Amino acid sequence: MLMSNTDRPARLHYLANGFRVLTPGDHVVCAVSGARIPLEDLRYWDVMGQRAFASATLATEALSPQ
């Protein structure tokens, strides 16, 4: 039986210009808000921290020095 990747979180390795799928899935979780981000909508991530963000605003807030 084939396993579906629907409703399963993916595990990714974030690179400077993209990402590599380590474990197949259909979404990742935002490091700040906890929102589900479909892989096709993923645009913002932190390469050094290896975490995803749901929006540019959340990424800027998380990565700005305190």
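Rules used throughout
- Residues numbered from 1 in each chain as written.
- Predicted model: local features only at pLDDT ≥ 70, side-chain atom pairs only at ≥ 80, totals over all residues.
- Heavy atoms only, no water.
- Helix = DSSP H or I, 4+ residues; strand = E, 2+ residues; numbered from the N terminus.
- Buried < 20%, exposed > 50% of the residue type's maximum accessible area, 1.4 Å probe, protein only.
- Phe/Tyr/Trp six-rings, centres within 6.5 Å; stacked < 30°, edge-to-face > 60°.
- Contact = heavy atoms within 4.5 Å.
- Salt bridge = Lys/Arg side-chain N within 4 Å of Asp/Glu carboxyl O.

Novice: Mind showing me how you'd approach unusual backbone geometry here?
Specialist: The bulk of non-glycine residues show a negative phi, and the bulk of peptide bonds are trans. Here the phi dihedral of Gln 50 falls at roughly 50°; this positive angle occurs in a residue that is not glycine. Checked against the element boundaries, Gln 50 lands in the loop between β5 (44-46) and β6 (51-53). Using a relative accessible area of 30% as the deciding quantity, one classes Gln 50 as partly exposed.

Novice: Even after reading the chapter, I still don't get the packing of aromatic side chains, so can you show me in this structure?
Specialist: Pairs of aromatic rings are described using the distance from one ring centre to the other and the angle between the two planes. Scanning the entire structure with this criterion turns up two aromatic pairs. Each ring, one from Phe 19 and one from Trp 45, has its centre 5.6 Å from the other, and the planes form 85°; the classification is edge-to-face. Of this pair, Phe 19 sits in strand β2 (residues 18-23) while Trp 45 sits in strand β5, placing them 26 residues apart in sequence. For Phe 19, a relative accessible area of 29% gives the class partly exposed.

Novice: How should the side chain of Asp 46 be read in this particular structure?
Specialist: As for its placement among the helices and strands, Asp 46 is situated in strand β5. Here Asp 46 is in contact with Tyr 14, Arg 51, Phe 53 and Leu 63, once residues within four sequence places are set aside.

Novice: What's the story with the pattern of salt bridges in this structure? I'm lost.
Specialist: Where charged atoms from two side chains of opposite charge approach closely, those side chains can pair. Scanning all chains against the criterion turns up two salt bridges. Between Asp 7 and Arg 36 there is a salt bridge, with the nearest N and O atoms lying 2.8 Å from each other. In this pair, Asp 7 is assigned in the segment before β1 (11-15) and Arg 36 in strand β4 (residues 36-38), connecting sequence segments 29 residues apart. The exposure class of Arg 36 is partly exposed, given its relative accessible area of 48%. Here Arg 51 makes a salt bridge to Asp 46, at a shortest N to O gap of 3.1 Å.

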